[in-house]
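# Inside the fold
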Amino acid sequence: MTVDTSLHKLLSLEGVTLPDIESLRLILQGGSIIDWHRLNLPTPEAVQQFLRVNCHDPDSPHDQLRLRHLLSKSVRYLERNFRYHFPPQLAEPEHVEDLFVLASGKSEFQNLACILLKVMQILNHVDAGELKTHLSVSEDVLLRRAEDAVTRTVQRLQKAGAPIVSFVSSRKSRDSLITKLLAKKTTVATQVYDLLRFRIITRTPLDLVPVLTFLKNELLPFNYVVPGQSRNEILKIHDVLQHLSPAVNSRLEHTLSRLQLEDVSMEEENRFSAANYRMISFVVDLPLRVDDLIDPDDPGLSNLGFLVFYVVEFQMFDEQTDVENQQGDSSHESYKDRQRWEVIRRLVYGSQLSDTGGPAHGRTS
């Protein structure tokens, strides 16, 4: 087996940086980057890495035009609706990457740069949604592209010697989807986030940190994590801090209260899990390039970019936690029994029998 030695440092806790920790906090707590007041991309290299994981090639003139188009639309939107006024350094920077560096710094334009980037992100997502409705392609084609993208990245990790014990991808069956919707109080198919799911098991809990860091740097844009859909009962920030480099550790100590990574759960989605079931899970809108699927003769698509998004769920465990999760009340079969009971309760009794009329509580299906 060929080992990619260039990844060795990236797969240890020593390679985890302060920006990494801040990004992981957002992923594990299911937050939104729209609520951030400052980015942490202080160098052009960091900006380029961020753009690539968002499927924008900073070396491509075509992609640069797309970024400038998004910037121009954002400026016009903010001027039109909120009477903002932007100086040329922001509205027409020499390089669009400069905007990210300004949003990460301490200049007088930092806040305005952040505002523009937030609107650019939303516009990019809105355009992608509209583009998706115009593509003559089945949902399965996009699912396979998302599945292939994740699988290639994780296999690269495994070949590099990452401490990954198991990696499995799965698609929710039609029967499972129907059962989940019948059990959910909100029975809307578009609110099911785990049609495509990936499970990763590492050797130890601390191994989860560099593996997740690599994934967010190479594949999963932390800025497109779906807010409110994250769960974390495994990683404790104090345990992580003890193993980070001294420089990162000292900078984190004074901001520890805002960087808590533990005890985040999704109430509605977890209601059938056992109380002692532990996991990390989060949902990401994964960007996919579809240049080859866009009809070049359709002028209506020229302003919608070249991306669509496909929602994927990640579940992550360490090996010991996974073993414990398969025991007794935490087992998958026990979980399914509780879910099936809720379906029967709703189908037969409806609101006549309260939610406490059968077993329930706590994991996504």
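Now for a description of the structure that goes with this document. Per chain, the residues get numbers from 1 upward, laid out in the order the sequence is written. Per-residue local features of the predicted model are confined to residues with pLDDT of at least 70, and side-chain atom pairs are confined, for both listing and counting, to 80 or more; whole-chain, interface and lining totals are unaffected and use all residues. Side-chain numbers here rest on the full set of heavy atoms in the structure, without hydrogens or water.

When DSSP finds two or more bridges between a pair of strands, those strands are recorded as paired. Working definition: helices are DSSP H or I runs of at least four residues, strands are E runs of at least two. Numbering for both runs from the N terminus. Read from one edge to the other, the open sheet built from five strands follows the order S1-S2-S5-S4-S3, with strand pairing classed as mixed. A single partner strand is all that each edge strand has here, and the edge strands are strand S1 (164-171) and strand S3 (231-232). In this structure, S1 lies alongside strand S2 (residues 196-202), joined through seven bridges in antiparallel fashion. Directly across from Ser166, in S2, lies its bridge partner Ile201.

Let's shift gears to empty space enclosed by the protein. Estimated volume of the largest cavity: approximately 300 Å³. Around the largest cavity sit 21 residues that line it, and Phe50, Phe100, Leu117, Gln121 and Asn223 are the ones nearest its centre. No other element matches helix H6 (residues 110-134), which puts six residues into the lining of the largest cavity. For this classification, the nonpolar set comprises Ala, Val, Leu, Ile, Met, Phe, Trp, Tyr, Cys and Pro, the charged set comprises Asp, Glu, Lys and Arg, and every other residue, Gly included, is treated as polar. For the lining of the largest cavity, the per-class residue count stands at 13 nonpolar, six polar and two charged. Cavities and pockets are found on a 1 Å grid laid over the protein atoms alone: a cavity is a set of points where a 1.4 Å probe fits but cannot escape, a pocket is an open set with protein on both sides within 12 Å along at least five of seven lines, and a lining residue has an atom within 4 Å of such a point. Grid points are joined across faces, edges and corners, and a volume is the space filled by probe spheres set on the points.

Here the focus is the environment of Tyr277. By the element assignment, Tyr277 lies in the loop between helix H11 (246-253) and strand S4 (280-289). The class of Tyr277 is buried, set by a relative accessible area of 2%. Through-space distance from the C-alpha of Tyr277 to that of Gln327 is 9.5 Å; in sequence the pair is 50 residues apart. Accessible area is worked out with a 1.4 Å probe on protein chains only. A residue is then buried under 20% of its type maximum, exposed over 50%, and partly exposed in between.

By themselves, these figures tell us nothing about what the structure is for.
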